[in-house]
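A structural walkthrough
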Amino acid sequence: MTKLLEWLLGCSLIGMAWGLVTFDLLDLQLPAQYRELAWPMPVYLLVAFGCYSLATVGYRVATFNDCEDAAKELQAQIKEAKAELKKKGLKM
């Protein structure tokens, strides 16, 4: 099962549970407090997902690895390219 299908399955299950509680489709006769609490639940979940995403991106940026060897190699290649272009008569 791909990640997309996992997410779609999870969201559809949560959506179905929300619909059943909010609209009382199974005639569960839940107290009105539960239905009032269920109405804004998708907004709460969306905000929580946004906070999680922001925290994940922030953590990954904070722990990003520097590739010092690759940076040195790239600088050397840039110097070589500039030297070759100067040999061919290009002015920089």
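Residues numbered from 1 in each chain as written. Predicted model: local features only at pLDDT ≥ 70, side-chain atom pairs only at ≥ 80, totals over all residues. Heavy atoms only, no water.

What follows concerns the layout of surface pockets. If you add up the space inside the largest pocket, you get close to 370 Å³. If you go around the largest pocket, you meet 16 residues; those closest to its centre are Cys11, Ile14, Pro42, Leu45 and Leu46. Take the lining of the largest pocket: its biggest share by element is eight residues, from helix H1 (residues 3–23). Across the lining of the largest pocket, the residue classes tally to 13 nonpolar, two polar and one charged. Both domains that meet at the lining of the largest pocket, namely domain 1 (1–39) and domain 2 (41–92), each give it at least three residues. (1 Å grid on protein atoms, 1.4 Å probe; cavity = no way out; pocket = protein on both sides within 12 Å on 5 of 7 lines; lining within 4 Å. Points joined across faces, edges and corners; volume = space filled by probe spheres on them. Helix = DSSP H or I, 4+ residues; strand = E, 2+ residues; numbered from the N terminus. Nonpolar A, V, L, I, M, F, W, Y, C, P; charged D, E, K, R; others polar. Domains from an automatic or database assignment.)

One can read the domain layout of the protein chain as domain 1 (1–39) and domain 2 (41–92). Just the C-alpha atoms count here: the centres of domain 1 and domain 2 sit 41 Å apart. At the interface, six residues of domain 1 touch four residues of domain 2. Together, the buried faces of domain 1 and domain 2 total about 350 Å²; carbon and sulfur atoms form 78% of this surface. At the junction of domain 1 with domain 2, the criterion picks out zero salt bridges. (Contact = heavy atoms within 4.5 Å. Buried area = accessible area lost by both parts, 1.4 Å probe. Salt bridge = Lys/Arg side-chain N within 4 Å of Asp/Glu carboxyl O.)

Mapped onto this structure's residue numbering, the UniProt feature "coiled-coil region" (unreviewed entry) falls at residues 64–91. Along residues 64–91 the backbone is 71% helical and 0% strand, and the end-to-end C-alpha distance reaches 37 Å. (UniProt positions renumbered as here; feature names shortened; annotations may be inferred.)

When pLDDT is averaged along the protein chain, the result is 92, and 100% of the positions lie at 70 or above. Across the protein chain, element-level confidence peaks in helix H3 (residues 41–62) with a mean pLDDT of 95 and bottoms out in helix H2 (residues 32–38) with 88. (pLDDT = per-residue confidence, 0-100.)

To continue, consider the pattern of salt bridges. Following the criterion strictly, the structure yields one salt bridge and no others. Where lysine 3 meets glutamate 6, a salt bridge forms, and the shortest distance between an N and an O atom there is 3.4 Å. On the criterion of helical spacing, the pair formed by lysine 3 and glutamate 6 is a turn pair, its members being three residues apart in helix H1.

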